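Inside the fold
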Amino acid sequence: MIGSTSSQIVLALAVVALAYLVRFMVKFHFHRTRMSGLPGPPHSYLWGHIKSIREAMATLPLTAHRQLMPLISKEKFGLGDVFYLDTFPFAPPPLVITDIEVMKSITTYTSLPKHHLVVEFVDWLGGPQNLVTLEGSAWKRWRSAFNPGFSAKHIMSLVPVIVDETQVFCDLMTEKAKKQELFRMERAATKLTVDIIGKVVLDVAFDSQRGPNTLVDSMLSFIKWMEIGNAWMNPIAILDIRGSFVLRYQSWKMNRYLSRIVEDRFATRHTRQKSKAIIDLALDVYIKETKGIDTTHLDPDFKTAAISNMKIFIFAGHDTTSTGIAYALYYLFKYPDILAKIRKEHDDVFGSDPADAANQLREDPYLLNKLIYTTAVIREVLRYQPPASTLRAGQKDVYIRDPKTGQALPTEGTMLWPLDVGIHRNEKYWPNPHVFDPERHLASASSENNSTVNNKEAWIPFSNGPRNCIGQELAMVETKILLALTVRTFDFVAAFDEAYKLNDDGSGYKVDNSSVQSIYGDEAYQVAFMTAKPRDGLPCRLTLRV
Ligand code: HEM
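Reading the values: rules and limits
- Residues numbered from 1 in each chain as written.
- Predicted model: local features only at pLDDT ≥ 70, side-chain atom pairs only at ≥ 80, totals over all residues.
- Helix = DSSP H or I, 4+ residues; strand = E, 2+ residues; numbered from the N terminus.
- Rg over C-alpha atoms; globule rule 2.2 N^0.38 Å.
- Buried ≥ 20, exposed ≤ 12 C-beta atoms within 10 Å, placed from the backbone.
- UniProt positions renumbered as here; feature names shortened; annotations may be inferred.
- Contact = placed C-beta atoms within 7 Å.
- Pairing = 2+ DSSP bridges.
- Axes fitted to C-alpha atoms, helices over the stretch in contact; angles between N-to-C directions.
- Core = buried A, V, L, I, M, F, W, Y, C linked by C-beta atoms within 7 Å.
- Near = placed C-beta within 6 Å.
- Nonpolar A, V, L, I, M, F, W, Y, C, P; charged D, E, K, R; others polar.
- Domains from an automatic or database assignment.
- Expected span 1.5 Å × (residues − 1).
- Parallel < 35°, antiparallel > 145°, perpendicular 65-115°, else oblique.
- Left-handed = near helix turned anticlockwise from the far one by under 90°.
- pLDDT = per-residue confidence, 0-100.
- Arc of directions from axis to C-beta.

1. Some details on the overall build of the protein chain
Scanning the protein chain from terminus to terminus reveals 19 helices and 11 strands. Taken over the C-alpha trace, the protein chain has a radius of gyration of 25 Å; the compact-globule value for 546 residues is 24 Å, and the two agree within 12%. The C-alpha extent of the protein chain, read off along each of the three principal axes, is 85 × 65 × 50 Å. Residues classed as buried in the protein chain amount to 42% of the 546 residues present.

Structure representation (structure tokens):
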């Protein structure tokens, strides 16, 4: 009796397994057949594009960021500006876009929803109600609440606060220069950008540049463990079961910390001076726009959204800006003629004593608008090494047009990937795209190389359309201030060959010298660390200029 029951169970399981297998095979066949006729690298029935991708990736450093894979594949296989990468069944197949008009057709003329992989990933960190993943009317409501706080005018009013934090950074850099210390510039810039966000968004001093801070340390630990769970170069790490506990614990700590701050801001809002903090402006807008709301108690909806978005601002705001800052220093000191030009501009605007710049900016933030060449340098850094791209969800009834062949291409089931680095390194928009050249961004650019074809519309580090980056003005202002206060005070030397000495600093960066060590001849290639970061976090040393 027992024997016949267990054989019935085995039979039932076998039938279920067979049904799954048949379903998978049908899906597999349908998928591979569909993909084989669409633009992409060499395709095989068994492997899809996986073999071609591996071939392209063999030319990249092992730690290179994922976003470089389609760029290299495009060049290796001579692909057009729209192509599929059939990675089924391992990942949703990306539909890569390196044409600006095609990008706009899904981000600007219509704005397709974010891809579920982004939603899952960002919601883990931000929780519900965060601006990056919200859609429709909920997104509109919170974007309007936060927009005034990120407007150019408001950010200008915060310049003195940003200068104060940057001054702390400069003092620390002076100490490091005196000690000839080896450190990762990306980490130092991260602490700076987080402290700035604390001040401008919450009016709170995190002081993470000078010592530990619960929120910042939890955020950095969270990011490190998210990256470990993401580590395609080290599959064993994915199995580390500590990750999920650490992520939950750090998330709980961040929520508790922010919950107290939001409650305190609400409770004291009538008794303290009028604040410029973005959280307070958002609360004012929310109360004004939400008619009938009980203003004597902190609205739970507002509290949830405020906590979600504070985490997102801290994450999105530091992760990308710190990369831009580190790369700006790297390329300035790699190209002495560009460095000389930026230093001259700072002499012209602030006078010859670098120590005067901070006070001048506190008194007249609009001096930043005179930093034309500095702005061109930052724009070139973000063209050359954009840290992030948007990912959108393909739809059943949405087709995109291949700009070369006119073919209508289905998007259903794909992950639409307008690749910032692909558009920024596309020769049809940027002549000599692999050359670092700030002049491209100057209105006066008149050399044959850049006047005719540099297409400013194809500059999209902050994405485009309604879901563009809310923090772009803040990021540009922070970076300009940092350069104004540092490039005439310090000399910078990259130290990739010494990166291994920092292996135990807890940052999570992993040195890997087992493969090629440059991309397009550039040793500061982007590595995977959530968004794209400079290799090894840009190890470096500073010296003080006399
Ligand atoms: C150089 C620095 C920065 C770069 C390159 C950058 C890049 C981007 C990109 C590409 C997107 C689109 C993401 C997507 O579609 O999924 C985005 C969105 C966003 N960014 Fe930034 N960002 C930077 C700085 C900041 C800062 C300083 C903040 C805030 C403090 C910020 C907050 C956000 C938010 C909240 C969104 C979502 C906006 C929405 O969907 O309404 N970013 N950013």
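There's more to say after this.
2. Considering the UniProt feature "binding site: heme" (unreviewed entry) in the protein chain
This chain's UniProt record puts "binding site: heme" (unreviewed entry) on Cys469. Relative to the elements of secondary structure, Cys469 occurs in the loop between α18 (420-424) and α19 (472-486). Cys469 gets classed as buried once you count the C-beta atoms within 10 Å, which come to 20. Not counting chain neighbours up to four residues away, the residues in contact with Cys469 comprise Phe462 and Ser463.

3. Focus on the sheet that holds strand β7 (residues 415-418)
Read from one edge of the open sheet, four strands run β1-β2-β7-β4, paired in mixed fashion. Strand pairing shows two members of the sheet lacking a second neighbour, β1 (82-84) and β4 (392-393), which therefore form its edges. Note: β4 against β7, two bridges, orientation antiparallel. Across the sheet, Ala393 pairs through a bridge with Met415, a residue of β7. In this fold helix α4 (residues 100-107) packs onto β1, β2 (94-97), β4 and β7, with an angle of close to 130° to the strand it touches most, β7.

4. A closer look at the UniProt feature "transmembrane region" (unreviewed entry) in the protein chain
The sites that UniProt annotates as "transmembrane region" (unreviewed entry) are residues 6-26. Secondary structure across residues 6-26 divides into 100% helix and 0% strand, with the first and last C-alpha atoms of the span separated by 30 Å.

5. So, the sheet that holds strand β3 (residues 183-184)
One open sheet holds the three strands; their spatial order is β3-β11-β8, and the pairing between them is antiparallel. What marks the edges here is a single partner per strand, and that holds for β3 and β8 (490-494). Set on the sheet, helix α8 (residues 159-179) makes contact with β3, β8 and β11 (539-544); between it and β11 the angle comes to about 90°.

6. Some thoughts on the nonpolar core
Counting 134 residues, the largest nonpolar core has Ile97, Met219, Ala328 and Val377 as the members making the most contacts within it. At 17 residues, the largest contribution of residues to this core is made by helix α14 (residues 300-334).

7. Observations concerning the site of the ligand
Taken together, 27 residues form the shell around the ligand, and within it Gly317, Thr320, Thr390, Cys469 and Gly471 come nearest. Among the elements that make up the shell around the ligand, the one with the highest residue count is α14 (seven residues). Tallied by class, residues from the shell around the ligand come to 16 nonpolar, eight polar and three charged.

8. Digging into the domain arrangement of the protein chain
By a widespread convention, an interface's size corresponds to the accessible area lost as its parts come together. On domain assignment, one finds that the protein chain holds domain 1 (1-36) and domain 2 (37-544). Each of domain 1 and domain 2 was reduced to a C-alpha centroid, and the two centroids are 44 Å apart. Contacts between the two partners involve five residues from domain 1, matched on the other side by nine residues from domain 2.

9. What about helix α9 (residues 185-202)?
With 18 residues, α9 should cover 26 Å at 1.5 Å per step; its first-to-last C-alpha distance of 25 Å lies within 8% of that length. With 17 of its 18 residues buried, α9 lies for the most part within the structure. Count one or two residues on from α9 and you reach Asp203, which has phi positive near 60°.

10. Re the packing of α8 against α9
Direction vectors running N to C along α8 and α9 enclose 150°, while the axes themselves pass 9 Å from each other. By the angle between their axes, α8 is roughly antiparallel relative to α9. As for the relative orientation of α8 and α9, their crossing is right-handed in sense. Taking contact as the criterion, the partners of Val161, Ile162, Glu165, Thr166 and Phe169 in α8 are, on α9, Leu192, Asp195, Ile196, Lys199 and Val200. Residue composition of the contact of α8 with α9, grouped by class: six nonpolar, one polar and three charged.

11. Examining unusual backbone geometry
Here Phe88 and Pro89 are connected by a cis peptide whose omega angle stands at 5°. Along the chain, Pro89 turns up in the loop between β1 and β2. Non-glycine residue Asp536 carries a positive phi angle of around 55°. Structurally, Asp536 is set in the loop between β10 (531-534) and β11.

12. Quick word on the pairing of β7
The alternating pattern of β7 places Met415 and Trp417 and Leu416 and Pro418 on opposite faces, both of which are buried. Here four bridges tie β2 to β7, and the two strands are oriented parallel to one another. Residue pairing for β7: Val96 is matched across the bridge by Trp417.

13. Things to note about the confidence of the model for the protein chain
Residue-level pLDDT values for the protein chain average 90, and 95% of them are 70 or greater. Across the whole predicted complex the pTM is 0.92, and at the interface the ipTM reaches 0.99.

14. Observations regarding the packing of α9 against α14
The description of two helices packed together rests on the angle between their axes and the distance between the axes. With their axes 8 Å apart at the nearest point, α9 and α14 run at an angle of 140° to one another. The orientation of α9 with respect to α14, classified from their angle, is oblique. Every pair of crossing elements has a handedness; the one defined by α9 and α14 is right-handed. Residue-level contacts link Met185, Glu186, Ala189, Thr190, Thr193, Val194, Ile197, Val201 and Leu202 of α9 to Met310, Phe313, Ile314, Gly317, His318, Thr321, Ser322, Thr323, Ile325, Ala326 and Leu329 of α14. For the contact of α9 with α14, the class distribution of residues is 12 nonpolar, seven polar and one charged.

15. Some details on the environment of Lys370
Along the polypeptide, Lys370 turns up in the loop between α16 (357-363) and α17 (372-384). Along the chain, Lys370 and Phe222 lie 148 residues apart, while their C-alpha atoms are 39 Å from each other.

16. So, helix α2 (residues 50-57)
Along an α-helix, residues three or four apart share an orientation, since each turn contains 3.6 residues. If you check which residues of α2 are buried, you get Ser52, Ile53 and Ala56. Seen end-on, α2 carries its buried residues on one side only, within an arc spanning 100°. Close packing links the buried residues of α2 with α3 (68-76).

17. What about the pairing of β2?
Regular strands have side chains that alternate between both faces of the sheet. Neither face of β2 is exposed, since Pro94 and Val96 on one face and Leu95 and Ile97 on the opposite face are all buried. Looking at chain direction, β1 and β2 are connected through three bridges and run antiparallel. In the sheet register, Phe83 faces β2, and the bridge partner there is Val96.

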